[in-house]
Protein chains: 2
Amino acid sequence: MTTVEEAEKLVLAQLKDYGTETTPFEQATGRVLAEALKADRDLPPFNRVTMDGIAINYTALQNGINTFRIKATQAAGEEPIAIDELNECIEIMTGAVLPATTDTVIRYEDVEIRAGLASVHVQSIKQGQNIHPQGIDKKQNDVVAASGQMVTPAIISIAASIGKTHLLVKKPPRVAIISSGDELVDVDQVPSAYQIRKSNSYTVKAVLEQHGLSPQILHIPDDPEVTKQQIGHCLENYDVLLLSGGISMGKFDYIPQALEDLQVEKFFHKVAQRPGKPFWFGRHKNGALVFAFPGNPVATFMCLHRYFLPWLRATQGLAEQLPLYAVLSKDFSFQPALEYYLQVKLASNPKGQLIASPVEGNGSGDFANLADTDAFLELPLERNEFKAGEIFRAWKFV
Amino acid sequence: MTTVEEAEKLVLAQLKDYGTETTPFEQATGRVLAEALKADRDLPPFNRVTMDGIAINYTALQNGINTFRIKATQAAGEEPIAIDELNECIEIMTGAVLPATTDTVIRYEDVEIRAGLASVHVQSIKQGQNIHPQGIDKKQNDVVAASGQMVTPAIISIAASIGKTHLLVKKPPRVAIISSGDELVDVDQVPSAYQIRKSNSYTVKAVLEQHGLSPQILHIPDDPEVTKQQIGHCLENYDVLLLSGGISMGKFDYIPQALEDLQVEKFFHKVAQRPGKPFWFGRHKNGALVFAFPGNPVATFMCLHRYFLPWLRATQGLAEQLPLYAVLSKDFSFQPALEYYLQVKLASNPKGQLIASPVEGNGSGDFANLADTDAFLELPLERNEFKAGEIFRAWKFV
């Protein structure tokens, strides 16, 4: 059987560049930047005053001058006003340009202003203080944000400050989420005594939307012709098909036959893991990828976070996410020779460690249980006994 | 000066219920659930088969019967078919209802099927295996998701499975993000040599949108009448005013006067912290809250995560977020008697600890630096020297 490590490798080998598109910068959060952002001017673009107070020439203090005639007041955004004499100062506001004839700003708290005169009453003035010098953060044309990173609110700030109203971002893959089976009815339907409602597709959609995708949901009935026709349509019109259920040994699972007929090459079927053992992965000759997850909702959820999301990062050119490690809070045993994904709740302790507390359901795909957890702890297949205090890799999903 | 602890307490004392609204369940991710979700039927609603194979009555095996006549095939979603004799079985599919006359499912891998007969060739069959019993997860009318929690993809799944097409969620506060000052031009404008572009408001907006809010952006010019009129309008039409800049001792800062004239009660002004010392917080008589953050972008960003977002959680009835602790990776010193928020990059080590590596900018509000970090490490004001290996609270923002 394919191991988790092998399956991961095979999935991550199927990277493809889906191109780029332009988006208004305000809507770019969560997208992947596909261009380097460069400073349009020095940052800051001028010697910027960082305190309200008075601007003086430091030489005056060295010459023993402590009282200054206020020549004028200069607000942020105004053209700088020069002083002509060392005993003059400019009353100046945060964000204003430092006048070329001054070099030091003394904040209001440290001066006394009376009758048009400002007296400095502290000793510890440093030349150049309270000024954010032109170009100290970045020079014009310097890269201020590298290509190939996720657009965060910090990147939004950078884009705004350099006047980039539109950003070139990676085009995400087009994803179809496919459920199948006549036992499933839609959420707004009343199921018969033998049916249940579709839920998996909506969960997958919610996760993908959190990662910047706009997937389409599709349901295929138990009919071999319709199955083949609809899967064929998806292979032509989407980059990724995410199937949940329908890949098993069941007599009414028409999907494996349809995939074979449509020349989707199988890379693996069955991975040595629980949940998610029947995971099937392949590629159509036109490049479309097929992630066929088991129908068990927790299995689909695990496979989505363990395989699809890392693939999504990689295919968009993002660096691999740093692994997260957590300490198992109590003994746990699991006998089958499968990598086990234990549902846990993570919490930070005052030693700076992440503690993973198991919240075990009945293993049947109980989603009510999953709602109380925030990660899977990855327990290696080589072992059956896992002790409190041991450390394992965690896959966070909230 | 107000301490961080006092400021936090004063902010968190201003909680208000902004009511509820109904939203389609597919759009509810990130919202706060304002009703308990209850099972509309038992979960699972019937004894559900979890493997493709044959359904038998376990008594047959006890009686030495190992070969069964396949009476019929029953798919998921179909009415259950009963067996009449112990030597009969039903070929049955995952998701199907277990026939009342059977009690055990044997998977295809463990049987041999030939000429309408299924022979069991393993010994270790357990009565009741491969069945997910009716009601074992939840009974009809049991609460499957409690009120007052964030809607996650797991909750979306639960809502779908019980047919809740619409969810009652907390109405979020209406937020106005207000910048001011004639030195700021919009992102699509070319600033003069003395101006810069607005960026803070867009950063704040991006963060708030990640937390389910739809804030409005407003810019106020340096004019006392316009300032008073526009702030007055916002106090009447929004629940929260988030100001960035404009609360200082500057001559052209008309906002403090406008807030006083409009009877906004000040709870505190200036907090013993860096960045963000000039943080001002108050409340209008009609209940609108005013968070006036300093104009320094990093200060605004810090205050937003340290004060506003915890307030937003609390005011919507969510439990307080568990604190996160991280290990400082190298010595650091900071002299002023202020709580210092060090910009760090967090990484998990194989001991399960979070390591916080300082990525220090020049302290001037350099956002290019913030883009390389993902948390602030909170260094207490009582101390000036912080050693590698010591553990402090971290405030994550990515």
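Treat the numbers as computed from the prediction; the structure is a model and nothing was measured. (Residues numbered from 1 in each chain as written. Chains lettered and ligands numbered in written order. Predicted model: local features only at pLDDT ≥ 70, side-chain atom pairs only at ≥ 80, totals over all residues. Heavy atoms only, no water.)

## Some points on the overall build of chain A
Thinking step 1. When helices and strands are tallied, chain A shows 8 helices and 28 strands.
Thinking step 2. Taken over C-alpha atoms, the radius of gyration comes to 31 Å for chain A, far larger than the 21 Å a tight globule of 398 residues would show.
Thinking step 3. Viewed in the frame of its principal axes, chain A has a C-alpha envelope of about 95 × 50 × 40 Å.
Thinking step 4. Within chain A, buried positions represent 53% of all 398 residues.
Thinking step 5. The long-range share in chain A, meaning contacts at least 24 apart out of those at least 6 apart in sequence, stands at 68%.
Thinking step 6. Entry remark: accessible area of chain A is about 16600 Å², with carbon and sulfur atoms responsible for 48%.
Thinking step 7. Charge-centre separation for chain A: the mean point of 37 positive side chains lies 3 Å from the mean point of 47 negative side chains. (Helix = DSSP H or I, 4+ residues; strand = E, 2+ residues; numbered from the N terminus. Rg over C-alpha atoms; globule rule 2.2 N^0.38 Å. Buried < 20%, exposed > 50% of the residue type's maximum accessible area, 1.4 Å probe, protein only. Contact = heavy atoms within 4.5 Å. Areas by Shrake-Rupley, 256 points an atom, 1.4 Å probe, with all protein chains shown as cover. Lys, Arg positive; Asp, Glu negative; His and termini not counted. Charge placed at Lys NZ, Arg CZ, Asp CG, Glu CD.)

## A closer look at the packing of helix H1 (residues 4–12) of chain A against helix H7 (residues 297–315) of chain A
Residue and element names in this part refer to chain A.
Thinking step 1. Two numbers describe how H1 lies on H7: the axes approach to 9 Å, and their chain directions differ by 35°. Between H1 and H7 lies a crossing whose hand is right-handed. Where H1 abuts H7, its residues Val4, Ala7, Glu8, Val11 and Leu12 lie against Arg306, Tyr307, Pro310, Trp311 and Ala314.
Thinking step 2. Class assignment for the residues of the contact of H1 with H7 results in 8 nonpolar, no polar and 2 charged. (Axes fitted to C-alpha atoms, helices over the stretch in contact; angles between N-to-C directions. Left-handed = near helix turned anticlockwise from the far one by under 90°. Nonpolar A, V, L, I, M, F, W, Y, C, P; charged D, E, K, R; others polar.)

## Things to note about the domain arrangement of chain A
Interface size is commonly expressed as the accessible surface area that is lost when the partners come together.
Thinking step 1. In terms of domains, chain A is made up of domain 1 (4–17 + 172–315), domain 2 (28–43 + 137–170), domain 3 (48–132) and domain 4 (324–396).
Thinking step 2. On a C-alpha basis, the centroid separation for the pair domain 2 of chain A and domain 4 of chain A is 38 Å. (Domains from an automatic or database assignment.)

## Some thoughts on the packing of helix H3 (residues 153–161) of chain A against helix H4 (residues 200–210) of chain B
Thinking step 1. The geometry of H3 of chain A relative to H4 of chain B is characterised by a closest axis approach of 8 Å and an angle of 150° between their N-to-C directions. Classified by the angle their axes make, H3 of chain A and H4 of chain B are roughly antiparallel. Seen along the crossing, H3 of chain A lies across H4 of chain B with a hand that is right-handed. Two secondary-structure elements touch here, H3 of chain A through Pro153, Ala154, Ile156, Ser157 and Ala160 of chain A and H4 of chain B through Tyr202, Thr203, Ala206, Val207 and Gln210 of chain B.
Thinking step 2. Looking at the contact of H3 of chain A with H4 of chain B, its residues break down into 7 nonpolar, 3 polar and no charged. (Parallel < 35°, antiparallel > 145°, perpendicular 65-115°, else oblique.)

## Remarks on the environment of Asp223 of chain A
Residue and element names in this part refer to chain A.
Thinking step 1. Take Asp223: it is sitting in the loop between strand S16 (216–220) and helix H5 (224–237).
Thinking step 2. Overall, Asp223 belongs to the partly exposed group, its relative accessible area being 32%.
Thinking step 3. A polar side-chain atom of Asp223 sits 2.9 Å from the main-chain amide nitrogen of Glu225.
Thinking step 4. Side-chain polar atoms of Asp223 contact the backbone nitrogen of Val226, separated by 3.0 Å. (Polar contact = N/O pair within 3.5 Å; in protein donor to acceptor, adjacent residues only side chain to side chain.)

## Some words on the relation of the copies chain A and chain B
Thinking step 1. Between chain A and chain B, the superposition needs a rotation of 180° and an axial shift of 0.0 Å, giving an RMSD of 0.1 Å. Seen this way, the second copy is the image of the first under a two-fold rotation axis. No C-alpha of chain A lies nearer the rotation axis than that of Gln353 of chain A, which sits 2.1 Å from it.
Thinking step 2. Both copies share a contact surface, since 100% of the interface residues of chain A are interface residues in chain B too. (Least-squares fit on C-alpha atoms with pLDDT ≥ 70 in both.)

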